[in-house]
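Chains, contacts and geometry: an overview
Here are the chains, one letter per residue:
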Amino acid sequence: MALSCGIVGLPNVGKSTIFNALTRSAQALAANYPFATIEPNVGEVPVPDDRLRVLAEIVSARRIVNAAMRFVDIAGLVRGASTGAGLGNAFLSHIRETDAVVMVVRCFVDPDVIHVEGDPDPLRDIEIINIEMALADLSTLGKKVEKLEREARVNAKIAPQVEAAKRLRAALEAGTPARSFGAGSLERALAVESFLLTVKPVLYVANVDEAQIGAIGPLAATVFALAEQEGSRAIAFCGKIEAELAGLNEDEAKTFREELGIDRSGLDQLILNAYDLLGLMTFLTAGEIEARAWTIDKGTKAPQAAGKIHSDIERGFIRAEIVSYDDYARLKTMEAIKGAGLLRSEGKEYVMQEGDVVNFRFNV
């Protein structure tokens, strides 16, 4: 199953508008009242990759197949969600099923669009969501600590886990998310094992109005400052404009972006940031049938990458013939690539790199 990002936020911050634009659909109800979204909407979104078009032209491929990301539009959260307020219990359970959090924060003032807290305040709104997720985690962790303490009475080897769980609980009580613990720490392992919400990586999306395109306002600036302080990520774009762009064909959208002074779609930024946030990368294959992007985890070795294409290729792996995309795009023919000595033959221990163009050799 593809990794997924849950789109979360308070009600009426633009989550469903952004989801519909991402998926080029109207499956998520975007309305000017809280809880327009009840059941989560799920959409598969292609990962933008201009390299595929170039490769397809070089090899005369009949089709292009992009990598894909899964996004989930989750019901809006309000204060008290961790105790069941609003749609809190459903909201939190739906977040638990995703791999990363895209937190949409309203950074514009519009008297015609209701804000559940009165006026937009990005830091307050983020704090509400973080507190509710931390409270849900504390409830989960409390049960985990009790279980570990019982087990430690008969198995002393579990004592380090008990202490780690208590340190994790103390951090949550102090407002520190579980993701702040290092990847190799016992606390982080316990947080992942317990499916804690605050261990998930976060991408903040500052939803701005048209006036802030190209010149981020003070509300959005606070989101970027917080992300930098946390070591998280933040992007800003106008959800309303992105929804309009999503309804245009490629040429019309390009013209509209040029008029607005936008180099790259905000949705493209969102997808690419979410892809990287999940620790994903892409290798490429190109032939007459298709030019295709394949998704793997960063650090994947060549045989396991081959297995993404077919398990038989992984089992019979001999070697991977690899050229970098930049060299392929520059030289354009395999003959020229070989002549320049840029076609590499890599074995089972080779760690795949972003943009590798690969032909796997294998025994049937």
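Report on the accompanying structure. Predicted, not measured: the structure shown is a model, and the values here were computed from it. (Residues numbered from 1 in each chain as written. Predicted model: local features only at pLDDT ≥ 70, side-chain atom pairs only at ≥ 80, totals over all residues. Heavy atoms only, no water.)

Here the structure, examined in full by the defined rule, presents three aromatic pairs. Taking the centre distance of 5.9 Å and the plane angle of 85° together, the rings of Phe283 and Phe360 count as edge-to-face. Taken together, the residues span a long stretch of sequence, with Phe283 in strand β8 (residues 280–286) and Phe360 in strand β12 (residues 356–362) at a distance of 77 residues. For the pair Phe283 and Phe360, a shared accessibility class is recorded, and that class is buried. By way of ring pairs, the aromatic residues Phe283, Trp294, Phe317 and Phe360 are connected into one cluster. Across from the ring centre of Trp294, 4.1 Å away, lies the NZ or CZ of Arg292, which sits over that ring. (Phe/Tyr/Trp six-rings, centres within 6.5 Å; stacked < 30°, edge-to-face > 60°. Helix = DSSP H or I, 4+ residues; strand = E, 2+ residues; numbered from the N terminus. Buried < 20%, exposed > 50% of the residue type's maximum accessible area, 1.4 Å probe, protein only. Lys NZ or Arg CZ within 6 Å of the ring centre and 35° of its normal.)

Located in the positive-phi region is Phe195, a residue other than glycine, with phi close to 60°. If you trace the backbone, Phe195 turns up in the loop between α6 (186–193) and β6 (202–207). Even without a glycine there, the phi angle at Lys332 is positive, about 70°. If you trace the backbone, Lys332 turns up in the loop between α13 (325–331) and α14 (334–339). Judged by its relative accessible area of 46%, Lys332 falls in the partly exposed class.

Scope: geometric values only; no functional claims are made or implied.
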